[in-house]
Amino acid sequence: MTTEIKKVTKSDLNSVVLRSNLFQGSWNFERMQALGFMYSISPVIKRLYPDPNSQERKDAIKRHLEFFNTQPFVAAPVLGVTIAMEEERANGKPIDDAAINGIKVGLMGPLAGVGDPIYWGTARPVFAALGAGLALSGSILGPLLFFVLFNLVRLATRYYGVTYGYKKGLDVVQDMSGGLLQKLTEGASILGLFIMGALVQKWTSINVPLVVSTIQKQDGTTEITTVQSILDSLMPGLLPLLFTFACMWLLRNRVNALWIIVGFFVIGIFGAWTGILA
Amino acid sequence: MEISTLQVILVFLVSCVCGAGSILDEFQTHRPLIACTLIGLVLGDMTTGIIVGGSLELLALGWMNIGAALAPDAALASVISTILVIVGGQDISTGIAVAIPLAAAGQVLTYVVRAITVGFQHAADKSVEDGNLARLDWIHFGALMLQAMRIAIPALIVALTAGTDVVQTMLNAIPPVVTTGLKIAGGFIAVVGYAMVINMMRAGHLMPFFYAGFVIAAFTDFNLVALGVLGTIMAVIYIQIHPKYNKSQQVVVAAASNNDLDNRLD
């Protein structure tokens with residue numbers, strides 16, 4: 001029997017990157033991204049276990065149809081590490097099912113903790129806010145900017161994640177504890193929160209036109225002071241800030257976001273009806 | 001507005017892309033900015049689509065799928081409200097108001113489809129017995145198509161009926177105080193999204209940066225690009241000087257200064 005060294009090729013890795021663009025296609029409540037993971041890693045399984053009837057291939061399929069769920073983009077390094085482990089196993093190294101699944105399950109939690117604030121908490125809202133600002137005036141640049149920027153970041157994560165994970169193999173686990181990810185998460189959170197603060201101020205509008213006083217000045221002009229002008233002289237955007245705090249509190253108490261939105265609509269309609277808001 | 005057969009087909013196809021985007025969360029074709037623009041494009045009024053998209057995007061800024069928790073569905077809301085605005089001739093503010101119940105309906109539909117796809121997951125287990133990889137691909141695509149249909153079928157129905165008298169009468173029956181109220185609420189409803197993002201960060205010790213953003217935006221004319229640069233600089237400086245990230249260096253510095261002191265005392 002010839003013992004040929006089985007090797008994953010560059011084109012296999014590219015194929016995994018390409019397929020991982022459909023990572024969540026079959027997301028379901030039972031095993032979540034399991035089939036997506038298997039779908040993505042399929043070219044590697046084909047390369048390492050070419051015989052469809054071999055027990056090795058069947059075992060590999062079984063392994064990767066187990067439960068998996070993380071932030072979809074940071075699944076890329078997990079795919080990379082798994083490919084490296086599968087390759088070693090196919091070449092006879094004593095790596096069992098438990099080791100491979102252990103690494104997958106072990107990485108998905110911490111990586112989701114990093115991926116969620118970076119991609120959903122910072123990258124997407126910041127790019128979307130930038131795009132929406134342009135889009136409100138009808139400019140095509142808005143959607144284009146959002147689409148291009150976000151997908152550049154995403155595809156870079158996907159490509160470098162898979163290749164880096166494959167190259168480093170199990171060393172990734174050590175890299176992760178080095179604090180780099182924590183720095184990245186915290187840095188992204190700072191940027192995200194800073195921009196959210198600015199948006200609460202800039203991209204909200206509220207007006208309480210209730211008149212507090214009307215002063216007839218000596219030069220004949222009248223100075224009308226409304227509730228809103230008093231609020232603005234204190235701090236522009238004070239009411240939206242208070243609304244934001246109310247929302248945060250409600251959301252923390254597990255009130256569905258849609259109900260809060262409905263509540264705001266009711267406030268708006270009531271305000272229009274009574275004339276408190278304009 | 002009358003729409004042609006070609007436009008109906010295009011709306012169907014674009015809705016498929018948006019529906020698939022909603023589950024994938026990769027290319028972001030389900031986000032209002034993209035979905036509304038594409039629907040606007042095929043209906044021949046892209047500018048309106050872009051404006052609806054921009055307004056809805058602010059509303060949906062914080063809608064995200066975290067773990068197994070599902071966000072309100074931006075795809076159904078974007079696609080149908082854009083059709084209602086362009087084909088049904090409604091105000092943008094009415095379109096946005098309609099988007100909210102649609103987002104809730106979309107959320108329910110995605111629950112249903114994600115439960116149905118459990119069956120697909122089990123069908124995939126067959127490949128464990130015969131090692132067939134191609135079957136896995138098809139099952140994966142099949143589940144994805146089901147998610148695409150979740151948006152495309154309702155969109156098709158609305159596209160065909162939005163111009164009819166029944167729908168028009170229904171939409172026009174909304175009293176003006178309601179539309180004005182919705183317009184007012186539209187001014188500050190985006191804070192729900194901001195609050196969702198802030199809560200997701202779960203970083204109370206970083207809240208000073210939120211207040212800094214608020215005050216700087218209140219008293220300057222900086223645009224978002226300038227604020228983004230400023231925020232990045234703050235993040236870099238924070239990481240550079242925070243003791244948590246400089247433990248080893250700090251010890252060295254402390255040791256060095258101790259020696260210095262000793263020397264001087266001598």
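Residues numbered from 1 in each chain as written. Chains lettered and ligands numbered in written order. Predicted model: local features only at pLDDT ≥ 70, side-chain atom pairs only at ≥ 80, totals over all residues. Heavy atoms only, no water.

On to the overall build of chain B, then. Check the secondary structure of chain B and you find 13 helices and zero strands. In sequence order, chain B lays out its α and β elements as α-α-α-α-α-α-α-α-α-α-α-α-α. A principal-axis box enclosing the C-alpha atoms of chain B has dimensions of 95 × 65 × 25 Å. By the burial criterion, 54% of the 266 residues in chain B qualify as buried. Contacts spanning at least 24 positions in sequence make up 73% of the contacts within chain B whose residues lie at least 6 apart. (Helix = DSSP H or I, 4+ residues; strand = E, 2+ residues; numbered from the N terminus. Buried < 20%, exposed > 50% of the residue type's maximum accessible area, 1.4 Å probe, protein only. Contact = heavy atoms within 4.5 Å.)

This part covers the interface of chain A and chain B. Listed as interface residues are 107 residues of chain A and, on the opposing side, 108 residues of chain B. The tally of links between chain A and chain B comes to six salt bridges. Arg124 of chain A serves as the salt-bridge partner of Asp25 of chain B, at 3.0 Å between the closest nitrogen and oxygen. Counting across the chain A and chain B interface gives 23 residue pairs in polar contact (both at pLDDT 80 or more). (Salt bridge = Lys/Arg side-chain N within 4 Å of Asp/Glu carboxyl O. Polar contact = N/O pair within 3.5 Å; in protein donor to acceptor, adjacent residues only side chain to side chain.)

With numbering matched to this structure, UniProt assigns "transmembrane region" (unreviewed entry) to residues 6-24, 33-56, 62-87, 94-118, 138-161, 173-197 and 209-239 of chain B. For the annotated span residues 138-161 of chain B, helix accounts for 100% and strand for 0% of the residues, and the straight-line distance between the end C-alpha atoms is 34 Å. (UniProt positions renumbered as here; feature names shortened; annotations may be inferred.)

What follows is about the pairing of strand 1 (residues 211-216) of chain A. All names here are of chain A. The buried fraction of strand 1 amounts to zero of the six residues, a small share that puts the element mostly on the outside. The pairing of strand 1 with strand 2 (residues 222-226) spans five bridges and is antiparallel. From the neighbouring strand, Gln216 faces strand 2, where its bridge partner is Thr222. (Pairing = 2+ DSSP bridges.)

Right, let's talk about the domain arrangement of chain B for a bit. The accessible area lost on association of the parts is a frequent measure of interface size. Assigned domains within chain B: domain 1 (5-175) and domain 2 (203-244). Each of domain 1 of chain B and domain 2 of chain B was reduced to a C-alpha centroid, and the two centroids are 35 Å apart. (Domains from an automatic or database assignment.)

Right, let's talk about the environment of Gln107 of chain B for a bit. Within the fold, Gln107 of chain B resides in helix 5 (residues 92-124). For Gln107 of chain B and Ala77 of chain B, which are 30 residues apart along the polypeptide, the C-alpha to C-alpha distance reads 10.0 Å. Non-local contacts of Gln107 of chain B, meaning those with residues more than four positions away in its chain, are made with Asn256 and Leu258 of chain A together with Leu70, Ala71, Pro72 and Asp73 of chain B.

Attention now goes to the nonpolar core. Core analysis: the biggest nonpolar cluster contains 157 residues, and Ile83 and Phe264 of chain A together with Leu43, Ile83 and Tyr194 of chain B have the highest contact counts within it. With 16 residues, the top contributor of residues to this core is helix 5 (residues 97-135) of chain A. Residues contacting Ile83 of chain B, with those up to four places away along its chain left out, are Val11, Ile39, Leu43, Gly88, Ala155, Val158, Ala159 and Ala162 of chain B. Counting eight residues, the second-largest nonpolar core is a separate cluster that includes Met32 of chain A together with Ala20, Ile23 and Leu24 of chain B. (Core = buried A, V, L, I, M, F, W, Y, C linked by side-chain atoms within 4.5 Å.)

All names here are of chain A. Take Arg63: it is sitting in helix 3 (residues 55-64). Under the relative-accessibility criterion, Arg63 is labelled buried at 2%. One polar contact links Arg63 to Asp97, side chain to side chain, over a distance of 2.9 Å. Excluding anything up to four places from it in sequence, Arg63 contacts Tyr49, Glu86, Arg89, Asp97, Ile100, Asn101 and Lys104.

This paragraph deals with the UniProt feature "transmembrane region" (unreviewed entry) in chain A. UniProt tags residues 126-150 and 257-277 of chain A as "transmembrane region" (unreviewed entry). Its end C-alpha atoms 10 Å apart, residues 126-150 of chain A is made of 80% helix and 0% strand.

Turning our attention to the environment of Glu129 of chain B. Tracing the backbone shows Glu129 of chain B in helix 6 (residues 127-130). Each C-alpha atom, one on Glu129 of chain B and one on Ala155 of chain B, is 40 Å from the other, the two residues being 26 residues apart in sequence.

Next up on the list: the pattern of salt bridges. A full pass over the atoms with the stated rule returns 17 salt bridges over all chains. Of the charged contacts, one joins Asp73 of chain B and Arg150 of chain B as a salt bridge, the two residues approaching to 3.2 Å between their closest N and O atoms. Residue Asp73 of chain B is located in the loop between helix 3 (46-60) and helix 4 (74-86), and its partner Arg150 of chain B is located in helix 7 (residues 133-161); the two are separated by 77 residues in the primary sequence. Each member of the pair, Asp73 of chain B together with Arg150 of chain B, is buried. Overlapping salt bridges bring together Arg63, Glu86, Arg89 and Asp97 of chain A as one network.

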